[in-house]
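What follows is each chain in one-letter form.
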2 protein chains.
Amino acid sequence: MSYTVVVDAMGGDNAPEEIVKGVVRAMDDDKNLQIILTGDEEQINAELEKAESKHKIEIIHTTENVGMDESPKKALREKPQASINIATRIVHEGRADAVVAAGNTGAVVLAAANNMQVIQGIERAGLAAIYPTAKFNKESRGAALMLDVGATLKCTPKQLVHFAFMGSYYVQHILNVDKPRIALLNIGEEETKGGEVLTKTYAYLTEAEDLNFIGNVEGKDIPHGVADVIVTEGFVGNITLKMMEGVGDLLKQTGKYAFRKKLTWKIGLALLSGGVKRLKAKTDYSEYGGAPILGLEKLVIKSHGRSNAKAIANAIKAAVRSIEEDVASHIADSIKKFNSQHKMDFLDI
Amino acid sequence: MSYTVVVDAMGGDNAPEEIVKGVVRAMDDDKNLQIILTGDEEQINAELEKAESKHKIEIIHTTENVGMDESPKKALREKPQASINIATRIVHEGRADAVVAAGNTGAVVLAAANNMQVIQGIERAGLAAIYPTAKFNKESRGAALMLDVGATLKCTPKQLVHFAFMGSYYVQHILNVDKPRIALLNIGEEETKGGEVLTKTYAYLTEAEDLNFIGNVEGKDIPHGVADVIVTEGFVGNITLKMMEGVGDLLKQTGKYAFRKKLTWKIGLALLSGGVKRLKAKTDYSEYGGAPILGLEKLVIKSHGRSNAKAIANAIKAAVRSIEEDVASHIADSIKKFNSQHKMDFLDI
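Description of the structure in this document. Remember, it's a predicted structure, so these values are computed and weren't measured experimentally. (Residues numbered from 1 in each chain as written. Chains lettered and ligands numbered in written order. Predicted model: local features only at pLDDT ≥ 70, side-chain atom pairs only at ≥ 80, totals over all residues.)

Here the focus is the sheet that holds strand β5 (residues 126-132) of chain B. Residue and element names in this part refer to chain B. In space, the eleven strands of this open sheet follow the order β3-β2-β1-β4-β11-β10-β5-β6-β9-β7-β8, with mixed pairing throughout. If you trace the sheet from one side to the other, it starts and ends with β3 (58-61) and β8 (212-217), each paired once. Geometrically, the sheet is characterised by an average inter-axis angle of 25 degrees between neighbouring strands, direction not taken into account. Examined bridge by bridge, β5 and strand β6 (residues 143-147) share five bridges and lie antiparallel to one another. (Pairing = 2+ DSSP bridges. Helix = DSSP H or I, 4+ residues; strand = E, 2+ residues; numbered from the N terminus. Axes fitted to C-alpha atoms, helices over the stretch in contact; angles between N-to-C directions.)

Bringing the nonpolar core into the picture now. Grouped together as the largest cluster of nonpolar side chains are 226 residues, with contacts concentrated most on A:V5, A:V23, A:A319, B:V5, B:V23 and B:A319. Counting the residues that make up this core, at least three belong to each of domain 1 (1-121 + 295-326) and domain 2 (123-288) of chain B. Here B:A319 is in contact with B:V5, B:A98, B:V100, B:L299 and B:I301, once residues within four sequence places are set aside. (Core = buried A, V, L, I, M, F, W, Y, C linked by C-beta atoms within 7 Å. Buried ≥ 20, exposed ≤ 12 C-beta atoms within 10 Å, placed from the backbone. Domains from an automatic or database assignment. Contact = placed C-beta atoms within 7 Å.)

Residue and element names in this part refer to chain A. One can find N314 in helix α11 (residues 309-324). Taking the number of C-beta atoms within 10 Å as the measure of exposure, N314 has 23 and is therefore buried. On a C-alpha basis, the gap between N314 and K31 in space is 16 Å, while along the polypeptide they are 283 residues apart.

Further remarks concern α11(A). For α11(A), built from 16 residues, the straight-helix expectation of 22 Å at 1.5 Å per residue is met to within 8% by its first-to-last C-alpha distance of 23 Å. Just downstream of α11(A), A:D326 is the residue with a positive phi angle, here 55 degrees. (Expected span 1.5 Å × (residues − 1).)

Here we take up the pairing of strand β10 (residues 291-294) of chain A. All names here are of chain A. Burial along β10 is two-sided: the residues A291 and I293 and P292 and L294 are all buried. Summarising the sheet, strand β5 (residues 126-132) and β10 pair through two bridges and their orientation is antiparallel. Bridged to L127 within β10 is I293. With three bridges connecting them, β10 and strand β11 (residues 299-302) associate as antiparallel partners. Each bridged residue has a counterpart across the sheet, and for A291 the counterpart in β11 is K302. Taking the residues between adjacent antiparallel strands as the criterion, β10 and β11 are bridged by four residues, where G295 takes a positive phi near 105 degrees.

Written out as structure tokens, the structure is:
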């Protein structure tokens, strides 16, 4: 079986160099992998040469490209030939099986929503972030997935239930977690908490036999890894995820601050460096490949803006895995089944 | 000038011992302070004796009391004589000028809402948490206030604007921060982000001349201290605040984990202990006194459930400060002024 992944060569802080290097690395490891790159042909070819690529790679040339700080809506409207627009469009046209992109998150999500179709029965796609959890906690499996973290603002119970199905399937089949524990992010554990949307969602999730729903979790539970999939509206997910990044940045700064301060602290930090490296590995985005956009006809993987070659190669591997496992159609099946069982209930949402 | 603070002697993990000790400590330091304690008279008297109190303290005896894990609504309904119910009631009756309570957060907020009046012109009270921010960041002033963190779920723009006024006044006059920087928690910095409620709130805050509104901040900005007051709906504030606590717990566990693991790490941690102590001081709840409930006729300070004597004494000092500064009526004035200037605009919210 051979498969084609389209990669936006121009997205991310380290594009196109690290993107192209990551592509070459992924192709070195997988003989069945075909790649299409969208972006500036001249720049891409220069990078391919530098990376000593011997692979046959199709390039779709475009000089337009959305910057990391541009307004996604405006940029995509004004740049119809932007590399991310073309990448998502050719997947929809059937020329590729999945997308990997490290650019402006809003632009990736919006281009995917504009150019690709949602799975039948689903109203909204969700952006799912994979984040590290406390490894030494008994319950933790080292990483967990939270969705939605930014493709929506507010959600209906139906949309949240669909997110639960999408996340569950992805974590089980791509991250290899057996019977993923699904939780709803809320302000308390009781099923009556959080207002009408969340109490209804809670009730539906309890009824979903194919899901291992463990109930509500609170903010304090997020880093501890008590759940494998945390379901929430995009607004809350976005704030939470970015706060986690903020705290991570802060820890790095604390280290530097301590380092400048005192000799004893310097020595202490040096001795602790084994532990710090472990922590770094745990919080290293490149290990997880990136954030999948779930609920679309094909998988889109949004790699972190700071992605290096390794992160891109891992994202491509996750994309290949999702093609092999046929993630999109399996998600479609499970949601179709659930929708048909709960048709009446959903009509009034 | 003398003032009376009513303290719930039975609330919190360390009640009544640490509560009573904190009260005695606060009275030792302030000759004008009168205290009323609500709770079990026998237990309270035993603790007063242990603490060698020489003060005249009024005790309102009750054997009912809301546990930390009880459902607030149910508990308050079934226990009309609960110590927190009585504490908030006597403030409303004018027998005391402020409340300090370390018990079940939901019960404190609900008892206050049930028994006390909101300031005229305000619809909802807000629970405001004070949290530590990165001291070594240039922008940081060491602590910031976020509200609402749990008294509401969703809010109207009007309610959010009122929270901004309440937070601004409190931070300026009780925490002594000059011209507090007010920010709105959102998923992006642009004023068009976050949906109708937040874009309207943004517009109103921009118009409020008496506020130093600095615009939207994102999740990553929360721990960095770029704002002194962060305004958000209760649901989001609750999730965020609890996540911060979860990350704090995790850091402590990481320390213990490292400690068990390896001799070099043990030595490293020992050398770093000066730094760890600094960090601990920064995240020590007892320094800040507690979370004020703002927008009510009198101030209620919700101390952390784990409060010790020092935290209770600091909470009482913050309460005294708020009485001296007449926080409630100043908030009322500033909101009255803003409401009258924007009467027409608010009618359609």
